[in-house]
Amino acid sequence: MLGSKKVQRVTIIITDDDVKRLLPMADCIEAMRVAFRDFANGVAVNRPRMRYLAQHPDPERKYLANVHVGAVPSYGIACVRAGSQIIKPPSATVDRRLYENPKAFNWGIVILYSIETAEPLALMHEFQLSGMRVGATTGAAVDAIARKDAATLGLFGTGKQAHAALEAIACVRPIRRVNVYSPSVEHRTAFVRDMARDGIDVVAVADAKAAVAGADVVCCATTSMKPVFDGDWLEDGQLVVSIANSDVTNKRSEVDRRTYERATAVIVNDWETVVDNDQTELLDPLKDGVIRQDQVHELGDLLTGKVTIAQPPRGAAAEGVIYFKNNSGLAIQFAAAGGIVYKKAMQQANNKTIPTEWLGSDLTSYYEAGFRPSP
C-alpha cells in the first residue's frame, strides 16, 4: 500500500526519576497487595532470590550479584531483576558490608517482559523502586495487621529504606509520632529535618530503648548485621517489623532470639525463600522449638483472608508480639510496581527508547522454513 510503513516497536528506559514521578507510595502498596494475593492464589510466579559472591582483584572486596525472576499476570508482566555491586564485607572494625562501586552509580536493572508477546517492554533502573517496594510491602503488612488507631512508630534506621518505611506506614495508619534511632547523631538529625511534615512529630531519640518504648509499631530498616534492640524491651501487643535477613552470602538479623520467643506469630513474604536462602535466624528458632511452624504464615495468606492475625485493641490483655519478617525481595514486587510505572510512562510518550529488535535475535528465516528453535 502506498505510504504504508512498518511501525518500529520500541523498548523504553525507565529511570529512577521516572519511578519517583510516576509511582506514588499508595499505588506501590496496592501493587504489593495484588502481587502477594496473586502469589498466595497460585497465579503469580516467583523463584527464591539468588545471590552469589565472586572474587575481586582487591582481596578486601567482592563482586555481588542479586537476581530475582518471576511474573504477575494481573499486570501482564514478567521480570528479571539483575543487581550488580562491588562490596566490602564486614570486618573486625565495621559490622556491616559496604557497597563500594568504583563509580558512584548503581548498575542494577530490571527487565520488564510482556507475558503476552515475550518482548522486553522496558529496562528499568532498580535503585529507587528497590527501596519503595520494601517499604510498600511493609505498608501492606502493617495495614493487614496493625490496629486501626496505631499512631506511634518506633523506627530504627535513617537511610533509603527507613524513609520508604515511614512513608508507607504513614499511608496506611494515622501515625502522629515517630521516634527514630540511629547510632549516628548526624544521621538522626538529618532524618528529622528531611521527614518533617504536617501532622507527624518526627523525633530523634538518643538510645534504642527509647525507640521501642510506647510504640504501636516497631520498624527496623537498617543495614545492621546484628540485632538493633533487646527483645526484652518489647511491650506486649506491639507489632515488630524487620527487613534485614540472611542469605547464602551473608548472615544477619535486626532482631534477637528473645523477639522470636515473644512472638505469637511470625509473618514472612515467602517461606520457600526462608529455606532456599538458609535464613537461619528463623530456621534455628524453629528447630530449637522457640517458635512452632504453625505460628509462621505468609503475607499473601493474610492479604487473601486465608489467615487472620491482628494487633489486639489498646488496653486489651495482650501477650507477646506479632513479628513481620519482611524476609526477602521478590521478583513479583518489581513486576507489579514496574507494570504500573510502564503503563504511565507509555501514556506520557516522552520516554528514552531503543528499538526492541536490538534486544532479540531475528528468527524470520527459521519460522519461514517451518522451524521453531528452542532458546
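Up top is the structure.
Heads up: these notes are all about the structure in this document. (Residues numbered from 1 in each chain as written. Predicted model: local features only at pLDDT ≥ 70, side-chain atom pairs only at ≥ 80, totals over all residues. Heavy atoms only, no water.)

What about the pairing of strand β9 (residues 152-156)?
Part 1 of the reasoning: Counted residue by residue, β9 has 5 buried out of 5 residues, so it is predominantly covered.
Part 2 of the reasoning: Side chains of β9 alternate between two faces, with Thr 152, Gly 154 and Phe 156 and Leu 153 and Leu 155 buried alike.
Part 3 of the reasoning: Of the strand pairs in this sheet, β9 and strand β10 (residues 177-181) are connected by 5 bridges, and their pairing is parallel. In the strand pairing of β10, Leu 155 is matched with Val 180. (Buried < 20%, exposed > 50% of the residue type's maximum accessible area, 1.4 Å probe, protein only. Helix = DSSP H or I, 4+ residues; strand = E, 2+ residues; numbered from the N terminus. Pairing = 2+ DSSP bridges.)

Re the layout of surface pockets
Part 1 of the reasoning: Roughly 610 Å³ of volume is contained in the second largest pocket.
Part 2 of the reasoning: Lining the second largest pocket are 18 residues; nearest its centre among them are Glu 119, Glu 357, Gly 360, Ser 361 and Asp 362.
Part 3 of the reasoning: Contributions of two or more residues to the lining of the second largest pocket are made by β7 (109-114), β8 (120-125) and α12 (364-368).
Part 4 of the reasoning: Residue composition of the lining of the second largest pocket, grouped by class: 8 nonpolar, 5 polar and 5 charged. (1 Å grid on protein atoms, 1.4 Å probe; cavity = no way out; pocket = protein on both sides within 12 Å on 5 of 7 lines; lining within 4 Å. Points joined across faces, edges and corners; volume = space filled by probe spheres on them. Nonpolar A, V, L, I, M, F, W, Y, C, P; charged D, E, K, R; others polar.)

Thoughts on helix α9 (residues 280-287)
Part 1 of the reasoning: Residues of α9 that are buried include every one of Glu 281, Leu 282, Pro 285 and Leu 286, and no others. Seen along its axis, α9 keeps its buried residues to an arc of 130°; they face one direction.
Part 2 of the reasoning: Residues of α9 that are buried sit in contact with α7 (257-262), β14 (263-268), α8 (271-276), β15 (296-298) and β16 (321-325).
Part 3 of the reasoning: Just past α9, the residue Gly 289 takes up positive phi, approximately 80°. (Arc of directions from axis to C-beta. Contact = heavy atoms within 4.5 Å.)

Considering the state of the cysteines
By definition, a disulfide links two cysteine residues through a covalent bond between their sulfur atoms.
Part 1 of the reasoning: All chains considered together, the criterion is met by 0 disulfides.
Part 2 of the reasoning: The thiol sulfur of Cys 219 is not disulfide-bonded, and the nearest other cysteine sulfur, from Cys 220, lies at 6.6 Å.
Part 3 of the reasoning: A relative accessible area of 0% places Cys 219 in the buried class. (Disulfide = S-S within 2.5 Å.)

A closer look at the environment of Ile 291
Part 1 of the reasoning: Note on placement: Ile 291 falls in the loop between α9 and β15.
Part 2 of the reasoning: For Ile 291, a relative accessible area of 2% gives the class buried.
Part 3 of the reasoning: Measuring from C-alpha to C-alpha, the distance between Ile 291 and Lys 251 comes to 20 Å, with 40 residues separating the pair along the chain.
Part 4 of the reasoning: Ignoring any residue separated from it by four or fewer positions in sequence, one finds Ile 291 in contact with Tyr 260, Ala 263, Val 266, Pro 285 and Leu 286.

A look at a nonpolar patch on the surface
Part 1 of the reasoning: Together, Leu 363, Tyr 366, Tyr 367 and Phe 371 make up a nonpolar patch on the protein surface, roughly 420 Å² of accessible area in all.
Part 2 of the reasoning: Inspection of the secondary structure puts Leu 363 in the loop between β17 (352-355) and α12.
Part 3 of the reasoning: The class of Leu 363 is partly exposed, set by a relative accessible area of 30%. (Patch = residues over 30% accessible without salt bridge, like charges linked within 9 Å, V, L, I, M, F, W, Y side chains within 5 Å. Areas by Shrake-Rupley, 256 points an atom, 1.4 Å probe, with all protein chains shown as cover. Salt bridge = Lys/Arg side-chain N within 4 Å of Asp/Glu carboxyl O.)

Comments concerning the packing of helix α3 (residues 127-145) against helix α4 (residues 160-172)
Part 1 of the reasoning: Following both chains from N to C, one finds α3 and α4 inclined at 40°, their axes separated by 8 Å at the closest point. By the angle class used here, α3 and α4 are oblique. α3 and α4 meet at a crossing whose hand is right-handed. Here Phe 127, Ser 130, Gly 131, Met 132, Val 134, Gly 135, Ala 136, Thr 138, Gly 139, Val 142 and Asp 143 of α3 lie close against α4, whose contacting residues are Lys 160, Gln 161, Ala 164, Ala 165, Ala 168, Ile 169 and Val 172.
Part 2 of the reasoning: Each residue belonging to the contact of α3 with α4 can be placed in one class, and the counts come to 10 nonpolar, 6 polar and 2 charged. (Axes fitted to C-alpha atoms, helices over the stretch in contact; angles between N-to-C directions. Parallel < 35°, antiparallel > 145°, perpendicular 65-115°, else oblique. Left-handed = near helix turned anticlockwise from the far one by under 90°.)

A short note on the packing of aromatic side chains
Part 1 of the reasoning: For the structure on display, the rule yields 5 aromatic pairs.
Part 2 of the reasoning: Ring geometry for Tyr 52 against Tyr 63: centres 6.3 Å apart, planes inclined by 50°, an arrangement best described as tilted. Of the two residues, Tyr 52 sits in strand β3 (residues 50-55) while Tyr 63 sits in strand β4 (residues 62-72), which places them 11 residues apart along the sequence.
Part 3 of the reasoning: A relative accessible area of 25% places Tyr 63 in the partly exposed class.
Part 4 of the reasoning: Geometrically, the ring pair formed by Tyr 260 and Tyr 323 is edge-to-face, given 5.4 Å between the ring centres and 80° between the ring planes. Taken as a pair, Tyr 260 in helix α7 and Tyr 323 in strand β16 lie far apart in primary sequence, 63 residues in all.
Part 5 of the reasoning: Aromatic rings pair up to connect Phe 156, Tyr 181 and Phe 229 into one cluster.
Part 6 of the reasoning: Cation over ring: Lys 103 sits above Phe 105, and NZ or CZ is 4.8 Å from the ring centre. (Phe/Tyr/Trp six-rings, centres within 6.5 Å; stacked < 30°, edge-to-face > 60°. Lys NZ or Arg CZ within 6 Å of the ring centre and 35° of its normal.)

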